[in-house]
Amino acid sequence: MSTVEFHAESLHTSTVAVGRGLMLRGLRTIRRMPSAFIPSVAMPVFTMIAFSGTYFAITKIPGFPTDRSANWFMPLGICFGSSFSGIGLGFSTIRDIETRFYERLLMAPVPRRALIVGPLFTAWSRTAILNAFVIPMGLLLGARFTGGILGVLALLVASFGIATISVGWGLGLAYRFRDMRAAAIMQLTVFVVLYVSNAQMPMWLLSGWVHSAARFNPATNILRLARQGLVSATSPDHMAWSSTWGGLVAIVIMSAVTLAFARRGLDKLDK
Amino acid sequence: MTSVLAEQSLRLSLRQTLQMTKRSTLEIVRQPAMSAPSMIFPIFFAALGASSFGKTTNLPGFPEVDSFLQFSLAATVIQGVLFGSISGAAALATDIENKFFDRLLLAPSTRSGIVLARLAGSALFGAFQAAFFLLVLWPFGATIRGGVPAFLVMVASGGLVSLAIGALMSSVAIRTGSAEAVQGAFPLIFILLFFSSAFFPRETMSGTYRKIADFNPISHLVEGLRDMVLHQVTMGSIAKAVLIPIAVCIAATMVALSALRARLAAL
């Protein structure tokens, strides 16, 4: 093994080890500050119940992709929760910057990328907890996976993808603003991006400005990916490659862009 | 002699309450960042709903409307007013946090006026918000078939709802002395809004959700306002739009004043 190879391997091990350490710290925060985590679990459950009940009648529209409103709104709730799991890490980073704990992390002899990988691992863990809670709740409320295990997998990929995008976005804003002003921007942008899509209705039922905006919004494809295992088997979106690839591309590109945004922000913070 | 003294004391209390009302109203005007979200978000959600649910107005059970925006006008007013009503209570909690409340207590001024002035400021802001939403959405198809009388009743109802919810939140502010606790309690009110017929007609709902919406006073309040938008002003619609918030207002103000008395007794 050459020196360069050895160095690269130890750097990689160090990134994962430090990331894991930061993840454990993030998970401990759930126990110590439940108020910071509970909203990201309560919100998807609330969204699912409230929307499924309020807009129950939209499933009666001829051609609507499912006859169960919980099937339509459970993925929306999970995507909202995942995004809040992600930007929640942005909030805690702001807190660490304000309390100067982050300076200690910056002084530690660890790879810089570990400071992004750590929150990413934490967000994924939180998203796993969220899904483990919300999916059974959805099933209790009447949601049914028509796409079987692959349908569950599609929903999980979308959920983890949104969490990854949100972590990058949340960290990037936290590093730039360095105070709670960033929190409002994080929440606002997540709300707008997720709502101005096919969040509430399928594309063909949208009209006006939302329809125009949703066509270009990557969240539309991610929600289509999330819902493909929950729509009726007769729907053209049901477990189809056409409902999958757009979401995967959106997740990969948006994750790359937001994580690069976070990395550049961290570099600026370092200077 | 006693009655003259009592009259003078009442006048003084009213003057002091009026001055504090002026302060709480100016605070809203001078801190637009605090009130702007409660003006912008409801408009955004109204525009979003109009585009998203525009094709649902032919569903069985949906009332006859010109557009979804017209249907959702009443809900927009109530949503905005609920958002805005929290700012007065949060400001009261901030006064307690930064000890300004203690200075007011040290001054020889009316005690109940401290709370009532905040509530009056909230009510004025709520009425202003209602008028703002009705006027901004009107050119986009949210016409009010009940005309000017309906407009005036809706503005008054906006003020009363703001007063009622402001009073409820003020009791939280007085009990906890924490603006964060007020913000934390607010989602409970928001949940009440969602479990009502504010965003979709009750006739299209079913099961437990329908039963909750049937019992939820916000359903009846919004339906009263909606009646005026879609039809004419009737005694029934006025009763729903005005009497419900008045009833909540009386109960909530009593709770807030009793919380104030408890706080003063503990000093």
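Caption draft 1: Summary view of the side chain of A:T220. Residue and element names in this part refer to chain A. Looking at the secondary structure, you find T220 in helix α9 (residues 218-227). A residue is classified by how much of its surface remains accessible, and T220, at 4% relative accessible area, is buried. The contacts of T220, once residues within four sequence positions are left out, are S197, N198, M203 and A214.

Caption draft 2: Quick look at the confidence of the model for chain A. Put simply, chain A has an average pLDDT of 89, and 94% of its residues get 70 or more. At the level of individual helices and strands, chain A shows its lowest average pLDDT in helix α1 (residues 3-32) of chain A, which scores 75, and its highest in α9(A), which scores 97.

Caption draft 3: How the structure looks around the packing of α9(A) against helix α10 (residues 241-270) of chain A. Residues and elements named next belong to chain A. Here α9 crosses α10 at 130°, and the two axes come no closer than 7 Å. Comparing the axis directions of α9 and α10 gives the class oblique. Crossing geometry of α9 relative to α10 is assigned as left-handed. For the pair formed by α9 and α10, the contact residues are P218, N221, I222, R224 and L225 on the first element and S243, T244, G246, G247, L248, A250, I251 and M254 on the second. Taken together, the residues of the contact of α9 with α10 sort by class into seven nonpolar, five polar and one charged.

Caption draft 4: Layout of the environment of A:L259. All names here are of chain A. Examined against the element boundaries, L259 turns out to sit in helix α10. Counting along the chain gives 67 residues from L259 to V192, while the straight-line C-alpha distance between them is 20 Å. Setting aside residues up to four positions removed in sequence, L259 forms contacts with I116, T164 and G168.

Caption draft 5: Spatial organisation of helix α7 (residues 179-194) of chain B. Between its terminal C-alpha atoms α7(B) stretches 24 Å, which fits the 22 Å expected from 16 residues at 1.5 Å a residue. If you check which residues of α7(B) are buried, you get B:A179, B:V182, B:A185, B:F186, B:I189, B:F190, B:L193 and B:F194.

Caption draft 6: Highlighting the interface of chain B and chain A. Contacts between the two partners involve 21 residues from chain B, matched on the other side by 25 residues from chain A. Carbon and sulfur atoms supply 75% of the area buried between chain B and chain A, which totals about 2,200 Å² over both sides. For the interface between chain B and chain A, the tally reads zero salt bridges. Elements that contribute at least two residues to the side of chain B that touches chain A include exactly α2 (32-52) and α7 of chain B. The biggest single contributor to the side of chain B that touches chain A is α2(B), with eight residues.

Cut-offs and rules
- Residues numbered from 1 in each chain as written.
- Chains lettered and ligands numbered in written order.
- Predicted model: local features only at pLDDT ≥ 70, side-chain atom pairs only at ≥ 80, totals over all residues.
- Heavy atoms only, no water.
- Helix = DSSP H or I, 4+ residues; strand = E, 2+ residues; numbered from the N terminus.
- Buried < 20%, exposed > 50% of the residue type's maximum accessible area, 1.4 Å probe, protein only.
- Contact = heavy atoms within 4.5 Å.
- pLDDT = per-residue confidence, 0-100.
- Axes fitted to C-alpha atoms, helices over the stretch in contact; angles between N-to-C directions.
- Parallel < 35°, antiparallel > 145°, perpendicular 65-115°, else oblique.
- Left-handed = near helix turned anticlockwise from the far one by under 90°.
- Nonpolar A, V, L, I, M, F, W, Y, C, P; charged D, E, K, R; others polar.
- Expected span 1.5 Å × (residues − 1).
- Buried area = accessible area lost by both parts, 1.4 Å probe.
- Salt bridge = Lys/Arg side-chain N within 4 Å of Asp/Glu carboxyl O.

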